[in-house]
Amino acid sequence: MQRWRGLEDIPQDWGRSVVTIGSYDGVHRGHQLIIGRAVARARELGVPSVVVTFDPHPSEVVRPGSHPPILAPYDRRAELMAGLGVDALLILPFTAEFSQLSPSDFIVKVLVDKLHARAVIEGPNFRFGHRAAGNVDFLRELGATYDYEVEVVDLFERGTAGGGVPFSSTLARKLVAEGDMEGAAEVLGRPHRVEGVVVRGAQRGRELGYPTANVETPPHTAIPADGVYAGWLTANGERMPAAISVGTNLQFDATERTVEAYAIDRIGLDLYGLHVTVDFLAYVRGMARFESLDGLLEAIADDVKRARALTQEYDARHALH
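Since this is a predicted model, take the numbers as computed values, not measurements.

Rules used throughout
Residues numbered from 1 in each chain as written. Predicted model: local features only at pLDDT ≥ 70, side-chain atom pairs only at ≥ 80, totals over all residues. Heavy atoms only, no water. Helix = DSSP H or I, 4+ residues; strand = E, 2+ residues; numbered from the N terminus. Buried < 20%, exposed > 50% of the residue type's maximum accessible area, 1.4 Å probe, protein only. Contact = heavy atoms within 4.5 Å. Areas by Shrake-Rupley, 256 points an atom, 1.4 Å probe, with all protein chains shown as cover. Lys, Arg positive; Asp, Glu negative; His and termini not counted. Charge placed at Lys NZ, Arg CZ, Asp CG, Glu CD. 1 Å grid on protein atoms, 1.4 Å probe; cavity = no way out; pocket = protein on both sides within 12 Å on 5 of 7 lines; lining within 4 Å. Points joined across faces, edges and corners; volume = space filled by probe spheres on them. Domains from an automatic or database assignment. Axes fitted to C-alpha atoms, helices over the stretch in contact; angles between N-to-C directions. Parallel < 35°, antiparallel > 145°, perpendicular 65-115°, else oblique. Left-handed = near helix turned anticlockwise from the far one by under 90°. Nonpolar A, V, L, I, M, F, W, Y, C, P; charged D, E, K, R; others polar. Core = buried A, V, L, I, M, F, W, Y, C linked by side-chain atoms within 4.5 Å. Buried area = accessible area lost by both parts, 1.4 Å probe. Salt bridge = Lys/Arg side-chain N within 4 Å of Asp/Glu carboxyl O. Polar contact = N/O pair within 3.5 Å; in protein donor to acceptor, adjacent residues only side chain to side chain.

Broken down by element type, the chain carries 10 helices and 12 strands. Each principal axis of the C-alpha atoms in the chain carries an extent, and together these give about 75 × 45 × 35 Å. Split into buried and exposed, the 321 residues of the chain put 46% on the buried side. The long-range fraction of contacts in the chain, counting pairs at least 24 apart against all pairs at least 6 apart in sequence, stands at 70%. By element, 51% of the accessible surface of the chain is carried by carbon and sulfur atoms, the whole surface being about 15400 Å². Of the side-chain charges in the chain, 33 are positive and 43 negative, and the distance between the mean point of each set is 2 Å.

Following this line, the structure appears as C-alpha cells:
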C-alpha cells in the first residue's frame, strides 16, 4: 500500500481512483464496511482505492484540547487498511488554514485535481469542509459537475456491545474507558491494543518475582479503565500471554498512571527501549490495596492464573475457526 503525507506526495501521473474520506480511528467494523466497499468498487472499475484521513484529528484544530482518545495510531491504521486491500493512504495535515476550506474547494483540491475521483464511498453521516458544512448530498451534487459517482454505505454493524447501538469510534472509546474489553473487541473486530516503548519503572514487580514491562504510551492513547486484565504482550514479533495492570499502584502510593504487562512464565526478558504492543482481552479485577505483602502476592498469583486460562481459552477457540 502506498502512503502519502500531504497532497504534494501524490504521484503526478496518478489516474482515476475510488476514494473514501474519514478519520477512521480504530478501523472498527463499521469503518471496515465502508472501506471494504471502496476497495470492492475500485476493483469493479479497475482503478486503485484511496483512503483519505487527517492528522491531527480535526477536533484538536477546531477546538484545541478536545482531541479524543486514540484507538489506533496511524501506523496501526495503515496496517489494518492494507489488510482490507486499500491501495493508497493519504494523510492530510489538518491545519487551521486547511480547516477554512469550503466544501466545494475541498472537493476540487483533493478529490478532483489530485485524486481524480471516479467514485467516492462514504457513510451517511459524513461531513467535510469549513464548519463541517458539506454532506453527502452536496458531495453528490458536485459529482454531476466533476464526473464522479457517490455511494453511501448505509449499513451499520450492531451487536450486544453498548446495548445494541450502531458500532462507532465513540462507542469503542466508551467501552475501553469502562474496561469492557469484550465489548470493545466486538466493535473493533479484534482485541483493543495499546503500544509504546518499554521504560524503566519502579522495579517493584521485579522485586516481587513478577517483572513487568512498563509501557510508555503516546499522548491521547485510549487506555482502559484502571484494573488488572488478561491479554498479550508482543515484543520482537513474539506474542506472549500476559497479566496487565493499568492505573496507579495503590499498594505503594504511586500517583502516575501506568500500563504494565507481565509476560506469563517468561524468565529473563529484557525489553527496555523496545517498542511493544499490548492487546487487552478481558477485565480480571479492579485495583486494590492489600493489608499485607502476602495478600498482594496471593492476588498477583491468582491474576496470573486467570490471565493464563483466559488467553489459552481464547487461542484454543480461535484456532478452531
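Having seen the structure, we can now continue with the description.
Turning next to empty space enclosed by the protein. Enumeration according to the criterion identifies 1 cavity of 30 Å³ or more in this entry. Of the volumes computed, that of the largest cavity is approximately 60 Å³. Leu 71, Ala 72, Pro 73, Arg 76, Leu 188, Arg 190, Pro 191, His 192, Arg 193 and Glu 195 are the residues that line the largest cavity. At 3 residues, the largest contribution of residues to the lining of the largest cavity is made by strand β7 (residues 192–199). Composition of the lining of the largest cavity by domain shows at least three residues from each of domain 1 (2–152) and domain 2 (191–319).

Attention shifts here to the packing of helix α5 (residues 103–112) against helix α6 (residues 136–146). Two packed helices can be described by the angle between their axes and the distance between those axes. Packing of α5 against α6 leaves a shortest axis separation of 11 Å and a crossing angle of 55 degrees. Considering their axes alone, α5 and α6 lie oblique with respect to each other. Both α5 and α6 take part in a crossing whose hand is right-handed. Listed contacts from α6 to Pro 103, Ser 104, Ile 107, Val 108, Leu 111 and Val 112 of α5 are Phe 138, Leu 139, Leu 142 and Tyr 146. In terms of residue class, the contact of α5 with α6 is built from 9 nonpolar, 1 polar and no charged.

Nonpolar side chains in soluble globular proteins tend to end up buried together. In this structure, Val 187, Tyr 229, Leu 233, Ile 244, Val 278 and Phe 280 are the most contacted members of the largest nonpolar core, which totals 31 residues. Of all the secondary-structure elements, those providing two or more residues to this core are α7 (169–178), α8 (181–188), β7, β8 (213–216), β9 (227–235), β10 (238–247), β11 (258–263) and β12 (275–285). Among all residues touching Ile 244, those that are not within four sequence positions of it are Gly 227, Val 228, Tyr 229, Ala 230, Gly 231, Trp 232, Val 259, Glu 260, Ala 261, Val 278, Asp 279 and Phe 280. Core analysis: the next-biggest nonpolar cluster, separate from the first, contains 30 residues, Val 19, Val 52, Phe 106 and Leu 139 among them.

Annotation of the chain at the domain level lists domain 1 (2–152) and domain 2 (191–319). The gap between the C-alpha centroids of domain 1 and domain 2 is 36 Å. With 8 residues of domain 1 in contact, the opposing surface of domain 2 contributes 7 residues. With both chains or domains summed, domain 1 and domain 2 bury close to 610 Å², and 55% of this area falls on carbon and sulfur atoms. On the domain 1 side of the contact with domain 2, Ile 70, Leu 71 and Arg 76 bury the most area, a combined 58% of that side's loss. At the boundary of domain 1 and domain 2, one finds 0 salt bridges. Summed over the shared surface of domain 1 and domain 2, the result is 2 residue pairs in polar contact (both at pLDDT 80 or more). Tallied by class, residues from the side of domain 1 that touches domain 2 come to 5 nonpolar, 1 polar and 2 charged.

On to unusual backbone geometry. Along the chain, Asp 55 connects to Pro 56 via a cis peptide bond; the corresponding omega equals 0 degrees. With respect to the element layout, Pro 56 can be found in the loop between β3 (49–55) and α2 (58–62). Here Arg 131, not a glycine, exhibits a phi torsion of approximately 55 degrees, which is positive. Here Arg 131 shows up in the loop between β5 (117–122) and α6.

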